[in-house]
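Chain by chain, the residues:
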Amino acid sequence: MQVLTYDLKKISEKLGLSLKDINKAFKKKILREGEYRDTRTLLFKKNFKHIEKGTVIFLNENLDIVRGYPKTYRALTLYPTIKKHFIDKVVIEEKLNGYNTRIVKIDNETYALTRSGYICPFTTKKAKKLLNLEILDDYPNYMLCGEMIGLNNPYTPYYYEEVDRGYENLGFYIFDIKERETNKSLPIRDRIELCEKYNLPYVKPIKIVNKEEAHIYIKEIIKELDEKRREGVVLKDPDMDVPPLKYTTHYTQCEDLKSAFTFFFDLGVDFIFSRIVREGFMSFEFKESIEERKQRAKNLGESILLPMTETIEKVARGERVSEDFELIFDNEEDLEEFLDFMRKMKMVIKIKNVKKINTNEGLKIKVLLGKIYNKTNDKIISYLNGTLWE
């Protein structure tokens, strides 16, 4: 694809950027080309000026734009952060453990975009099956922002009882509806009203409280979610006039560290500091006793050391460690399309098992895939063979 054949001036005008800025974004490889079947796009790999990472420009006649989903910042302390950040009321919603997806309809075609702005073929097909997308016919300028959750997903597999359909554990919950070209969110009451009108699954508010006492309720909710092994909460203004904040459970911090230190040369450094800092502030704010604090420290230590040593032992036995996930496809063509997509994302994927299953929707293909983290595997082998630590 030749970028210079596009009307860069028109693109810059639609994005509110200068032509110089557009050329600079191309030169720095922040703005790149993408494609999905016959659909050609440009996407922002990083935040640039006022444009969010994951923003996509569809290279059609209208140059339709889908803005990237903004980063949700984290509250390290509940009080006084909430009092300082929010206007009056605070809506407490559960934070689901899945992957962020934006669903749009462009030129009568439905697309599911990853956080990075890629059109994922797996998610696109599942969204069409799981959701009533008539809403996008009636409101084509909207994008449905939600979380794809469940054990049978390729990015964040985690079991959720509420989306277990027997042969597949997968579901989509809308947590935001935005104007796709401005990124302006609908007020929560309007989002709920639309979701109920079109029978769409959405994240329901747990509680709406005054900001002065919100921290009291959130502490109790976090304790309950931690016991249930759930991820955490997202805190929102009812009218979405200020950005949301997130706050996660002790369980989630530990699970993140377990995942990261299973592939510690690839993910460990990026994960460890922020999670431990969160735990320190949580321990302080929850006024833990010495015994409770020691238990928290023990949990953190086990989350780091146990998966790491297990990985070393596996590699020492000659195994190639991988992050495994099981997906359901309608046919072999869908499987091949997804594998091709993952290769384009520079991911090394190994097919571990394939079997056909009978479902109430007909014959499906269940595939066990393994994502290989080469750096962890290769470095462990090197160090086991005597390489010195630099």
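This section reports on the structure supplied with the text. Everything numeric here is computed off the predicted structure, so don't read it as measured data.

Conventions and cut-offs
Residues numbered from 1 in each chain as written. Predicted model: local features only at pLDDT ≥ 70, side-chain atom pairs only at ≥ 80, totals over all residues. Heavy atoms only, no water. Helix = DSSP H or I, 4+ residues; strand = E, 2+ residues; numbered from the N terminus. Rg over C-alpha atoms; globule rule 2.2 N^0.38 Å. Buried < 20%, exposed > 50% of the residue type's maximum accessible area, 1.4 Å probe, protein only. Contact = heavy atoms within 4.5 Å. Areas by Shrake-Rupley, 256 points an atom, 1.4 Å probe, with all protein chains shown as cover. Lys, Arg positive; Asp, Glu negative; His and termini not counted. Charge placed at Lys NZ, Arg CZ, Asp CG, Glu CD. Disulfide = S-S within 2.5 Å. Pairing = 2+ DSSP bridges. Axes fitted to C-alpha atoms, helices over the stretch in contact; angles between N-to-C directions.

### Let's talk about the overall build of the chain
Move 1: Of regular secondary structure, the chain possesses 12 helices and 16 strands.
Move 2: The C-alpha atoms of the chain give 22 Å as radius of gyration, which agrees with the globular expectation for 390 residues (21 Å, within 12%).
Move 3: Principal-axis analysis of the C-alpha atoms places the extent of the chain at approximately 60 × 55 × 55 Å.
Move 4: Taking all 390 residues of the chain together, 51% fall into the buried category.
Move 5: Put simply, 66% of the contacts in the chain that link residues at least 6 apart link residues at least 24 apart.
Move 6: Summing over all exposed atoms, the chain offers an accessible surface of approximately 20200 Å²; the carbon and sulfur share of this is 50%.
Move 7: Looking at the chain, you have 69 positive and 64 negative side-chain charges, and the mean spots of the two groups are 5 Å apart.

### With respect to the state of the cysteines
Move 1: All chains considered together, the criterion is met by zero disulfides.
Move 2: The structure places no disulfide on Cys 120, whose sulfur is separated from the nearest cysteine sulfur, that of Cys 145, by 16 Å.
Move 3: Distance from the sulfur of Cys 145, which forms no disulfide, to the nearest cysteine sulfur (Cys 195) is 11 Å.

### Structural notes on the sheet that holds strand 7 (residues 99-106)
Move 1: As summarised here, the arrangement of the four strands in space is 8-7-9-10, forming an open sheet in which the pairing is antiparallel. The two strands at the open ends of the sheet, each matched to only one other strand, are strand 8 (109-113) and strand 10 (171-179). In this sheet, neighbouring strand axes are inclined to one another by 30 degrees on average, regardless of whether the strands run parallel or antiparallel.
Move 2: Bridge analysis of strand 7 against strand 8 gives five bridges, and the strand direction is antiparallel. Looking at strand 8, one finds that Val 104 is bridged to Tyr 111.

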